[in-house]
Amino acid sequence: MGNTKLLFILTCMLSFLFGTPKAFAECSSNFEDIDAACVREKLSNASEIKFLVPNQNEQIRGKTYFFLTENGIPGKFIIRSAFSAKNECSLSLDVTTYAGGTSMSPSGHFGISKQYNAWSTDRTGFDKNSSDDFRLYHNKGKCVFVSSQAKGVFYKKIEPKELIQGRDSLYYAGNFLIFLAVFLVARAVFQDEDRFKAQSKLEEAERDDKKDVPNDIVLKYSRPFFKRYFTPVVSGMKNKKKIRDKYKRKLASAGLTKALSPEDMFAFKLFLIIGFPVLYLGLRAFLEESWPLAAVPVISVLGFFYPDIWLSGKINQRKEELIQNMPFIVDMLALSVEAGLDFMAAIQKVLDKAPPSAMAEEFETLIKDTKIGASRAEGLRQLSWRADCLPISSFTATLIAADAVGASIGPILKTLAAELRQKRSADAEKKGATAATKILFPVMFLIMPAVGIVIMAPILLQLM
């Protein structure tokens, strides 16, 4: 009888001693099923939580921790994803906090990056009244996640197949929104397809695209997109008159009136706000580089101003071409007029004999303007407006004045040709004089190393 009582007492003692470990073992292996009681029981030995964010996501994905916030509120989190690179780190957690008999899910996303040779720090609290429970920072080349005011304990690593998958309603809602977006975009694309094709055929009838479209790689690959999707939006804007006033003369001065309209130019600018960042991110992903994402806004701004820079270059290039072509064209005009031809007939004769050039294109436009009813003086004024160049303005003003007083324009054209040729020679001499100065410094950088080798080689040979 005494042995029976002793055995009963020993059994009770063993149950008491080993009961707690058995309770630990019964905590669920499913993150969603881990309750507040299990979390509180495990937190009896809570201490600092600290680990490194590795480069490989699978090394850390699925690890589960229990914690007490700064205010003593228990909770749990599981690591969903981790990313560590040369200039940025991120960590994504699923967090549940048990407060006042209810549970809440605070944000568990942390992200830091390196900017201007300094790393940022990300910190947050996991209840309503704390702000610095955990933090992510960079130290000695490693990204570190650590509990700041909170404390906790590691539970175990749950296999990826057991990680929470999110609510089915959110999943199906996301799929529905994606389908709706694709449907609306497709409808917008195909709804006015016939109108767009008709407009394209009219434009092809008015110009030869291979001749009129400038040879620019950015414009070449951007044109189908902004012409199709952005130009109709710009054409419907309320302030399109300001856009036309801003770019109409610039496009005419660059000789791009047939290739681009003012609406196309502004649509080109809007498209590159998106196009340049997309190209940057695509190259970043393709080359697997860690280029800073902070550069995306700067690249968007560059995309907006790139067409203006490109257009200014085209305008300057065309002005130089007009100045170079003028003496030859004016000489031929003078000869044709002295041979007895009318001024407009002389221009037509010049166009038949002269090689293609910017000046020949302007005279072609002048003839078209006069054929549709514009006077000679009005056509010359339009030529001056399009060229926006001082020599052309002087040339047209002289012809308009001579036409107004009925003077013979043959001697005037010969005098203008001589002046233009003399000015072109002076400009060439000026550029030649400045070229010697400009080339001096590059030549010095190339010659000085060679001179140093020639001088130092014998000395080095003697020393050896």
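Residues numbered from 1 in each chain as written. Predicted model: local features only at pLDDT ≥ 70, side-chain atom pairs only at ≥ 80, totals over all residues. Heavy atoms only, no water.

1. Structural notes on the overall build of the protein
Heads up, the condition is: Comment: elements are numbered from the N terminus, with helices defined as DSSP H or I runs of at least four residues and strands as E runs of at least two. Only protein chains enter the area calculation, which uses a 1.4 Å probe; residues under 20% of their type maximum are buried, those over 50% are exposed, and those in between are partly exposed. It only takes one pair of heavy atoms within 4.5 Å for two residues to be counted as in contact.
In terms of regular secondary structure, the protein is built from 14 helices and 11 strands. Split into buried and exposed, the 464 residues of the protein put 34% on the buried side. Pairs at least 24 apart in sequence give 59% of the contacts found in the protein among residues at least 6 apart.

2. Some points on the packing of helix α10 (residues 343-353) against helix α11 (residues 358-371)
Condition: In this analysis an axis means a line fitted to C-alpha atoms, helices contributing only their contacting stretch, and an angle means the value between N-to-C directions, from 0 to 180 degrees. Angles below 35 degrees are treated as roughly parallel, those above 145 as roughly antiparallel, those between 65 and 115 as roughly perpendicular, and all remaining angles as oblique. A crossing counts as left-handed when the near helix is turned anticlockwise from the far one by less than a right angle, and as right-handed when that turn is clockwise. Each residue is assigned to one of three groups, with Ala, Val, Leu, Ile, Met, Phe, Trp, Tyr, Cys and Pro labelled nonpolar, Asp, Glu, Lys and Arg labelled charged, and all others, Gly among them, labelled polar.
Two elements in contact, α10 and α11, have axes whose closest approach is 10 Å; the angle formed by their N-to-C orientations is 140°. Comparing their axes, α11 and α10 come out oblique. The element α10 and its partner α11 pack so that their crossing is left-handed. In this structure, α10 contributes Met 344, Ile 347, Gln 348 and Leu 351 to the contact, and α11 contributes Ala 360, Phe 363, Glu 364, Leu 366, Ile 367 and Thr 370. Here the residues of the contact of α10 with α11 are counted per class, giving 7 nonpolar, 2 polar and 1 charged.

3. Remarks on the pairing of strand β2 (residues 63-68)
Looking along a regular strand, one sees side chains alternate from face to face of the sheet. We apply this condition: At least two bridges found by DSSP between two strands are what make those strands a pair.
β2 sits mainly inside the fold: 5 of its 6 residues count as buried. Looking at chain direction, β2 and strand β11 (residues 151-157) are connected through 6 bridges and run antiparallel. Paired with Leu 68 across the two strands is Lys 151, which belongs to β11. The sheet contact formed by β2 and strand β3 (residues 74-84) spans 5 bridges and is antiparallel. Bridge pairing in β3 links Phe 67 to Gly 75. Between β2 and β3, which pair antiparallel one after the other, the connecting turn spans 5 residues, and Gly 72 there sits at a positive phi close to 80°.

4. A look at the side chain of Asp 264
Quick reminder of the rule: Any pair of nitrogen or oxygen atoms within 3.5 Å is treated as a polar contact; in protein, a donor-acceptor pairing is required on top of that, and neighbouring residues in sequence qualify only through side-chain atoms on both sides.
Topologically, Asp 264 is positioned in helix α8 (residues 262-286). Asp 264 sits in the buried class, given a relative accessible area of 1%. Among the polar contacts listed, one links the side chain of Asp 264 to the side chain of Thr 231, at a separation of 2.9 Å.

5. Examining helix α6 (residues 217-235)
To keep it simple, the criterion reads: Across the chain, bend at a residue is computed as the angle between axes fitted to the seven residues ending at that point and the seven starting from it.
Of all the bends in α6, the largest measures some 50° and sits at Phe 226. Considered for burial, the residues of α6 that qualify are Leu 219, Ser 222, Arg 223, Phe 226, Lys 227, Arg 228, Thr 231 and Val 234. One side-chain oxygen at the N-terminal end of α6 lies 3.3 Å from the backbone nitrogen of Val 218; it belongs to Asp 216.

6. With respect to the pattern of salt bridges
Defined as follows: Salt bridge criterion: a side-chain nitrogen from Lys or Arg within 4 Å of a carboxyl oxygen from Asp or Glu.
Scanning the model with the defined rule gives 16 salt bridges in all. Through salt bridges with shared partners, one network takes in Arg 318, Glu 361, Glu 362, Asp 369 and Arg 386.

7. Points about the state of the cysteines
We count it as follows: The criterion for a disulfide is a pair of cysteine sulfur atoms lying within 2.5 Å.
One pass over the structure, following the stated rule, counts 1 disulfide. Disulfide pairing places Cys 89 opposite Cys 143 at an S-S distance of 1.7 Å. Between Cys 89 and Cys 143, the S-S dihedral sits near 65°, and the bridge is therefore right-handed. Taken together, the residues span a long stretch of sequence, with Cys 89 in strand β4 (residues 88-99) and Cys 143 in strand β10 (residues 142-147) at a distance of 54 residues.

8. Points about the side chain of Ser 300
Counting through the fold element by element, Ser 300 comes out in helix α9 (residues 295-338). Overall, the relative accessible area of 16% leaves Ser 300 in the buried class.

9. Some thoughts on the packing of aromatic side chains
Rule in force here: Ring pairs are drawn from Phe, Tyr and Trp, using the six-membered ring of Trp, whenever the two centres fall within 6.5 Å, and their geometry is named by plane angle: stacked under 30 degrees, edge-to-face over 60, tilted for the rest.
Tallied over the full model, the rule gives 22 aromatic pairs. Between Phe 51 and Tyr 65, the aromatic rings sit 5.6 Å apart at their centres with planes inclined by 25°, giving stacked as the arrangement. Separated by 14 residues along the polypeptide, Phe 51 in strand β1 (residues 50-52) and Tyr 65 in strand β2 bring together distant segments of the chain. Across the pair, Tyr 65 and Phe 51 agree in class, each one buried. Ring centres of Phe 268 and Trp 310 lie 6.4 Å apart, and the angle between their planes is 90°; on these two criteria the pair is classed as edge-to-face. Here Phe 268, found in helix α8, pairs with Trp 310, found in helix α9; they are 42 residues apart in sequence, far enough to count as distant. According to the relative accessible area criterion, Trp 310 is buried, its value standing at 10%. Joined through ring pairs, the aromatic side chains of Phe 51, Tyr 65, Phe 67, Phe 77, Phe 110, Phe 126, Phe 134, Phe 145 and Phe 154 make up one cluster.

10. Examining a nonpolar patch on the surface
What counts is decided by this rule: Patch membership needs two things, relative accessible area over 30% and no salt bridge, and members are linked within 9 Å if like-charged or within 5 Å if nonpolar (Val, Leu, Ile, Met, Phe, Trp, Tyr). Each accessible area is a Shrake-Rupley result for a 1.4 Å probe, and residues are judged covered by the shown protein chains and nothing else.
On the surface, a cluster of nonpolar side chains totalling about 610 Å² of accessible area is made up of Val 454, Ile 455, Met 456, Ile 459, Leu 460 and Leu 463. Position of Val 454 among the secondary structure elements: in helix α14 (residues 409-463). A residue is classified by how much of its surface remains accessible, and Val 454, at 62% relative accessible area, is exposed.

11. Side note on α10
Let me state the cut-off plainly: In this context, the arc is that of the directions from the helix axis out to the C-beta atoms.
Here α10 has its buried residues at Phe 343, Met 344, Ala 346, Ile 347, Val 350 and Leu 351. Down the axis of α10, the buried set is contained in an arc of 155°. They therefore lie on one face. In α10, the exposed positions that point more than 90 degrees away from the buried face belong to Asp 352 and Lys 353. Of the residues flanking the start of α10, the one acting as N-cap is Asp 342, its side-chain oxygen 3.2 Å from the backbone nitrogen of Met 344.

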